[in-house]
Amino acid sequence: EHSPNIVMITDRTGVIEYVNPKFVETTGYSPAEAVGATPRRLKSGRTTPEQYARLWQTITSGGQWRGEFHNRRKDGALYWETASIAPVRDETGAITHFVAVKEDITRRRKIEAALRASELKYRNVFAAVGDAILMIDGRDGRILEANPAACRLYGYSRDELLALHERDLAVGADTDPELPRTISKRFTDYPQRRKDGTIFPADLWVRHFTYRGYEITV
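Residues numbered from 1 in each chain as written. Predicted model: local features only at pLDDT ≥ 70, side-chain atom pairs only at ≥ 80, totals over all residues. Heavy atoms only, no water.

Undergrad: Please set out the sheet that holds strand 1 (residues 6-11) residue by residue, giving values where relevant.
TA: Ordered by their spatial adjacency, five strands build an open sheet running 2-1-5-4-3, and the pairing between neighbours is antiparallel. Across the chains shown, the open sheet's two edge strands, defined by having one partner strand only, are strand 2 (16-19) and strand 3 (65-72). Geometrically, the sheet is characterised by an average inter-axis angle of 30° between neighbouring strands, direction not taken into account. Along the sheet, helix 3 (residues 49-60) contacts strand 3, strand 4 (78-89) and strand 5 (95-104); its crossing angle with strand 3, the most-contacted strand, is approximately 140°. (Pairing = 2+ DSSP bridges. Helix = DSSP H or I, 4+ residues; strand = E, 2+ residues; numbered from the N terminus. Axes fitted to C-alpha atoms, helices over the stretch in contact; angles between N-to-C directions. Contact = heavy atoms within 4.5 Å.)

Here you go:
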């Protein structure tokens with residue numbers, strides 16, 4: 001009920017049995033409007049039939065599906081969400097329900113679009129620089145962009161890094177979870193963690209800028 005993410009539970013045929021308050025806040029549909037309907041109510045026509053087919057094939061065969069949807073709210077506004085959908089089984093192992101945990105990533109998508117619009121003339125420099133560069137959402141610490149040097153340093157692919165937050169790379173995140181959001185600062189011997197779990201000391205130069213109203217940390 002208090003999850004910051006959307007939670008939706010359907011039966012094995014896809015009929016919605018439960019939605020949490022975040023679903024109501026995000027989509028505009030009340031529980032009474034959602035329960036008994038199917039997720040097709042949220043379709044915008046922007047997600048391909050092939051993606052839905054892959055999703056259904058994955059979860060009905062017992063796997064967990066992860067991906068993104070371009071959906072429509074009750075008021076007609078489009079929004080992006082990332083979703084993880086998994087089956088629930090009874091004591092005999094039979095699939096009885098599906099649970100979807102989803103996050104509204106519309107704001108992130110808008111930031112990415114704005115960055116892409118301005119990045120063309122900087123792309124070659126960004127890619128060629130030998131130092132690792134991460135561009136981070138100044139609001140929640142989500143990684144928005146990473147150059148090839150960052151991928152090599154941390155051992156992640158670009159897509160894997162874009163699914164992380166800055167705290168996922170930090171060591172001792174429980175005590176010092178995030179970089180400063182407003183103060184430009186240099187950190188010396190700041191411990192970082194690679195994908196394989198190895199820890200290394202890094203010198204970090206943290207800078208901030210505002211682009212089209214979005215706060216970005218580099």
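Undergrad: Lay out the pattern of salt bridges with the relevant residues and their values.
TA: Per the stated rule, a full pass over the model turns up 14 salt bridges. The shortest N-O distance in the salt bridge between E25 and K22 comes to 3.1 Å. Of the two residues, E25 and K22 are both situated in helix 1 (residues 21-27); the distance of three residues between them amounts to about one turn of the helix. Classification of E25 by relative accessible area gives exposed; the value is 59%. Exposure remark for K22: the relative accessible area of 25% places this residue in the partly exposed category. Notably, a salt bridge pairs D203 with R186, separated by 3.4 Å at the nearest N-O pair. In this pair, D203 sits in strand 9 (residues 199-206) while R186 sits in strand 8 (residues 185-193), placing the two residues 17 residues apart along the sequence. (Salt bridge = Lys/Arg side-chain N within 4 Å of Asp/Glu carboxyl O. Buried < 20%, exposed > 50% of the residue type's maximum accessible area, 1.4 Å probe, protein only.)

Undergrad: How would you sum up the pairing of strand 8? Please name residues and give values.
TA: In the sheet, strand 8 pairs with strand 9 via seven bridges, with the strands oriented antiparallel. The residue of strand 9 that forms the bridge with P191 is P201. A loop of five residues connects strand 8 with strand 9, the two strands running antiparallel in sequence, and G197 in this loop sits at a positive phi of about 95°.

Undergrad: Talk me through the sheet that holds strand 6 (residues 134-137); I want residue IDs and the actual numbers.
TA: Pairing within the open sheet is antiparallel, and its four strands lie in the order 7-6-11-10. Strands at the two margins of the open sheet, each flanked by one partner only, are strand 7 (143-146) and strand 10 (208-211). The sheet shows a mean angle of 30° between the axes of neighbouring strands, direction not considered.

Undergrad: Mind laying out helix 3, listing which residues take part and the relevant values?
TA: For helix 3, spanning twelve residues, the distance from its first C-alpha to its last is 16 Å, which sits close to the expected 16 Å at 1.5 Å a residue. Of all the residues in helix 3, the buried ones are Q51, L55 and I59. For helix 3, the angular spread of the buried residues around the axis is 55°, confining them to a single face. Turned more than 90 degrees off the buried face of helix 3, the exposed positions are P49 and Q57. (Expected span 1.5 Å × (residues − 1). Arc of directions from axis to C-beta.)

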